[in-house]
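Architecture at a glance
Chain residues, written in single-letter form:
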Amino acid sequence: MEALLKVESVVKTFPGVKALDGVCLNVYQGEIHTLLGENGAGKSTLMNVLNGLYSPDSGNLLINGQPYIFRSPKDSIKAGIGMVHQHFMLVYNHTVFENILLAVSDLPFWLDKKKLRIRIKEIVDRFGLSIDLDEPIRKLSIGQQQWVELIKLLIRDCKVLILDEPTAVLTPQESDRLFGFLKRFKEEGRSVIFISHKMREVMELSDRVTVLKKGTTVKELARGEFDENVLAGLMIGTDEIPVWEREKKQFTENVLTIEHLFADKEKNMSDLIDFSLELRKGEILGIAGVAGNGQKTLAEVLTGLKPPVSGKIFADGKDITNADSRKAYIAGIAHVPEDRKSMGIAPEMTVDENLILKSYKEKPFRKFIFQNFKAIKENAEKQIADFAIKAGPKGTPIRLLSGGNIQKVIIARELSMRPSVLVALYPTRGLDMGSAEYVHKVIMDARKDNMSTIVISEDLDELLKLSDRIAVMFRGRITGIVDPEHTSREEIGLLMSGETVQ
Amino acid sequence: MIEILLFATIKAGTPLLFATLGAILMERSGVINLGVEGLMLVGALTGFAAAHTADSLFIGVIAAFFAAMAAGAIHGFICVYLRGNQIVSGLSLTMFGIGITSLFGRSFVGLTIAGFSKVEIPVLSKIPYIGQAIFNQDVLVYFSIILVAAMHIFLYRTKTGLYLRSVGENPGAADTSGINVGLYRMSAVLVGSGLAGIGGAYLSLAYTPFWVENMTAGRGWIAVALVIFAQWNSTRAMAGAYLFGGINAVQLRMQAMGTSLSPHLLMMLPYLFTIAVLVMATLRLEKGSTPEPEALGTAYDREDRK
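This one's a predicted model, so the numbers in the text were calculated from it and none came from an experiment.

1. As for the overall build of chain B
Along chain B, the regular secondary structure elements total 12 helices and two strands. Against the globule reference of 19 Å for 306 residues, chain B gives a C-alpha radius of gyration of 19 Å, in line with a compact fold. Its C-alpha atoms give chain B principal-axis dimensions of about 60 × 45 × 40 Å. Taking the contacts inside chain B whose residues are at least 6 apart along the sequence as the reference set, 76% of them involve residues at least 24 apart. Taken as two groups, the 18 positive and 15 negative side-chain charges of chain B have centres that lie 4 Å from each other.

If you want it as structure tokens, here you go:
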């Protein structure tokens, strides 16, 4: 059988980086084809080539055996390829209706809104979606935004659907719904190219898997030829996934005590309602829950971004609720933020500079009123080596690094201050297995040094693996605290939906 | 009295209205243009020179449109295709406009032409109080009012308008929908610049039918501020332009009546108002929402990795 879409030895270079180095890909009709690879392996770059955004330096692209050259996304649309980007291509200030209109190919010059609305309403209803067409995109949840993107592609009636890490931002329920849709889409004889780091999803969905590494194709496997171990081995290049023994600990001291905390309501997010929690010295406390149940506010209060409305916070027995006493504590807390690109780094600055964002005023990085560039450079070299950061050529702005490497820079910076408390939000979201594994190892190592960590995550596997205790949040409250060794997914799932445990 | 003031208000507001509409069109595509002042000057001089030479006001207006368009093309090319800094490019355009018009305008100083005359619209002009003020104006005033409606319909009722707004909000989304971002931005800059040129020509062909150096006197800057006041909306732009026109009319009237207030103070009024209006427009906004096109002022590079 001939491939519907065939990519032959495509090369794409960016200044200083060879993102694709002769990559090959065969996508057949009516299959879900997963692209696997670590961050920076070239998955997104390849997809952007297929989408017409990047023009390759060399290589061929064949659809049904016919050679194609995409000069712009328009050509890609014409060839029947549609893509949902990792960062959605939506106009946030426009309504759902206006966004969908962009995808209508035979849009008349004069927009007859009534007629168009009926047509679009029909499509939206066919998917049983409850989306208000007049709502601006920015007010939609991420899951809803993704559906708008999908509807746009369906209107174009595309043959090949590309999804770049679609589940990284979805709740488990939203993911299941998406998978149901993808399976139906496949049964209609269309093809899906799917990028994900979550093994369970890959195993559930894929008919075929292509593994990429450093811009080249490592292997193409059909269903039956792969299992989780084979894929993990191909991706990171070793045959076993490192497993570590958790050292047993007795926790006695409390580092943080939160009592009856109330925090501000923000937009659609749940605030914190009468929230109490204790963090013990040297423990990793996992916080589970569907996004939007107050986790973000909790992190903001703990890291000093938002003052609480009432309640008390004690650190080492000292009341740090009000502003003055908070300062010292806030300066000493480590924070791995949710949105690493907008909150964790200064994107245009170099890795060296980003590594000292919090300590640039301190010795040895400061010399009178000047910066000590020698010390900054030495510090960077040490951190880059310790954390195995792929920082690119000297002076590269950090935004050009892959997500995993950016996250490593943030963690290196935060831990270099030797904090007593680390608040980490979704620390491995969107990271490949190798990077995620590394982040976990670093947190576990710091636990040995008696650092306390609060990990907020939606990935239950991650929480079960890391945590000494898991607290589950629902609508701004803790519905239960469980021991990872004596709990089940079902129990946590129930707590996540608001059932309380006595 | 009210009728006279209203008449003067509309006349003083019209050049601002043209320029503001032009700037809105450009900014809706995501290109900010601080060169409006320069474009208005180019339009004013070219319009006057062409009208004087060809002895036709119509040719003057057309010439102003195309001359300003040509000047704006420099800005468009730098911002859209070379991805240069829009602020720097716009400021240079203003300085270029001031310089080149004072250089080539010397020989036209002191000449006069017969400016646009009033055209009375039957029936409507007989409405008491406002009839004479609104419906007994020159053709350019009528044209500017039609343009307000046309622009609104264009932006919200046509495919091209929707595409243009999308380009200004999120060029990436537009590009992946198959819209030619560069073409839309360039076209918006060209037409918008031309409209700013007509705004300048209104000064030298209708408002005060002669040419003097730097005759726009900062109106281009007021137009840039009015875009923000108008929240990138053409009907609000009309309200804004007439508000400023009104202040201008009132201060001229007060000067003519010989108040004890210093004329310099009175002449400051429109500019003081600009500042006040900007402060108010910013304060009034709902937190987190802004009517400003999201991609305003940023160049679009398809291959840039964000």
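2. A look at unusual backbone geometry
The phi dihedral of Arg418 of chain A is positive, around 50°, even though this residue is not glycine. For Arg418 of chain A, the location among the structural elements is in the loop between α14 (403-415) and β19 (421-425). Despite not being glycine, Arg83 of chain B shows a phi value in the positive range, around 55°. Mapping Arg83 of chain B onto the fold places it in the loop between α3 (57-81) and α4 (86-104).

3. Some details on the confidence of the model for chain A
Mean pLDDT over chain A stands at 84; residues scoring 70 or higher make up 94%. Per-element mean pLDDT across chain A ranges from 68 in helix α10 (residues 323-332) of chain A up to 94 in helix α3 (residues 96-101) of chain A.

4. Focus: the packing of aromatic side chains
Residues and elements named next belong to chain A. Inspection of every chain in the model, using the stated rule, returns 13 aromatic pairs over all chains. Taking 5.8 Å as the distance between ring centres and 40° as the angle between the ring planes, the aromatic pair formed by Phe181 and Phe185 counts as tilted. Highlighted residues: Phe181 and Phe185, both in helix α6 (residues 172-187), separated by four residues, approximately one helical turn. Here Phe181 matches Phe185 in class, with each residue buried.

5. With respect to the interface of chain B and chain A
Counting residues at the interface gives 29 residues for chain B and 37 residues for chain A. Remark: the boundary between chain B and chain A carries two salt bridges. One salt bridge connects Lys12 of chain A with Glu303 of chain B, and the closest N-O pair in it is separated by 2.6 Å. The tally of links between chain B and chain A comes to 10 residue pairs in polar contact (both at pLDDT 80 or more). A total of seven residues in the side of chain B that touches chain A trace back to one element, the largest contributor, which is helix α7 (residues 159-169) of chain B. Within the side of chain B that touches chain A, the residues separate by chemical class into seven nonpolar, 10 polar and 12 charged.

6. Points about the environment of Lys377 of chain A
All names here are of chain A. Mapped onto the elements of the fold, Lys377 is located in helix α13 (residues 373-386). Here the alpha-carbon distance between Lys377 and Asp468, two residues 91 residues apart in the chain, equals 37 Å. If sequence neighbours within four positions are ignored, Lys377 has contacts with Asp352 and Lys394.

7. Looking at the side chain of Asp138 of chain B
Residue and element names in this part refer to chain B. Mapped onto the fold, Asp138 is located in the loop between β2 (136-137) and α6 (139-157). Side-chain polar atoms of Asp138 contact the backbone nitrogen of Leu140, separated by 3.1 Å. Among residues more than four places away in sequence, those in contact with Asp138 are Lys11, Phe116, Ser117, Lys118, Val119, Tyr202 and Ala206.

8. Regarding the sheet that holds strand β13 (residues 284-288) of chain A
Residues and elements named next belong to chain A. Judged by pairing direction, the sheet is mixed, and its six strands sit side by side in the order β16-β19-β20-β13-β21-β22 without closing on themselves. Where the open sheet ends on each side, the last strands, each with one partner, are β16 (334-336) and β22 (477-482). Direction aside, the axes of adjacent strands within the sheet are offset by 20° on average. Alignment of strand β21 (residues 469-474) against β22, held across five bridges, turns out to be antiparallel.

9. Things to note about the sheet that holds strand β1 (residues 5-14) of chain A
Think of a sheet as strands paired side by side through backbone hydrogen bonds, with each pair either parallel or antiparallel. Residue and element names in this part refer to chain A. Judged by pairing direction, the sheet is antiparallel, and its four strands sit side by side in the order β2-β1-β4-β5 without closing on themselves. Sheet topology places β2 (17-27) and β5 (66-67) at the edges, where each strand pairs with a single neighbour. Strand direction decides the pairing type here: β1 and β2, joined by eight bridges, are antiparallel. By the bridge assignment for β2, Thr13 is matched with Lys18. The strands touched by helix α1 (residues 43-50) within the sheet are β1, β2 and β4 (58-63), with β2 carrying the most contacts at an inclination of about 65°.

10. Structural notes on the pairing of strand β8 (residues 191-195) of chain A
All names here are of chain A. Most of β8 is tucked away, with five of its five residues classed as buried. Here strand β3 (residues 32-36) runs beside β8; their pairing, made up of four bridges, is parallel. By the bridge assignment for β8, His33 is matched with Ile193. One ladder, built from five bridges, connects strand β7 (residues 160-164) with β8; its direction is parallel. Paired with Leu163 across the two strands is Phe194, which belongs to β8. This β-α-β element, β7 to α6 to β8, shows right-handed connectivity.

11. Looking at helix α5 (residues 142-155) of chain A
Residue and element names in this part refer to chain A. Relative to the 20 Å expected for 14 residues at 1.5 Å per residue, α5 spans 20 Å between its end C-alpha atoms, a close match to the ideal helical length. Counting buried positions along α5 yields 12 of 14 residues, so the element is predominantly enclosed. Residues of α5 that are buried include every one of Gly143, Gln145, Gln146, Trp147, Val148, Glu149, Leu150, Ile151, Lys152, Leu153, Leu154 and Ile155, and no others. Elements that come into contact with the buried residues of α5 comprise β6 (81-84), α3, α4 (113-126), β7 and α6. Positive phi shows up at Asp157, right after α5, with a value of about 60°.

About the thresholds
Residues numbered from 1 in each chain as written. Chains lettered and ligands numbered in written order. Predicted model: local features only at pLDDT ≥ 70, side-chain atom pairs only at ≥ 80, totals over all residues. Heavy atoms only, no water. Helix = DSSP H or I, 4+ residues; strand = E, 2+ residues; numbered from the N terminus. Rg over C-alpha atoms; globule rule 2.2 N^0.38 Å. Contact = heavy atoms within 4.5 Å. Lys, Arg positive; Asp, Glu negative; His and termini not counted. Charge placed at Lys NZ, Arg CZ, Asp CG, Glu CD. pLDDT = per-residue confidence, 0-100. Phe/Tyr/Trp six-rings, centres within 6.5 Å; stacked < 30°, edge-to-face > 60°. Buried < 20%, exposed > 50% of the residue type's maximum accessible area, 1.4 Å probe, protein only. Salt bridge = Lys/Arg side-chain N within 4 Å of Asp/Glu carboxyl O. Polar contact = N/O pair within 3.5 Å; in protein donor to acceptor, adjacent residues only side chain to side chain. Nonpolar A, V, L, I, M, F, W, Y, C, P; charged D, E, K, R; others polar. Pairing = 2+ DSSP bridges. Axes fitted to C-alpha atoms, helices over the stretch in contact; angles between N-to-C directions. Right-handed = clockwise from strand over helix to strand, strands pointing away. Expected span 1.5 Å × (residues − 1).

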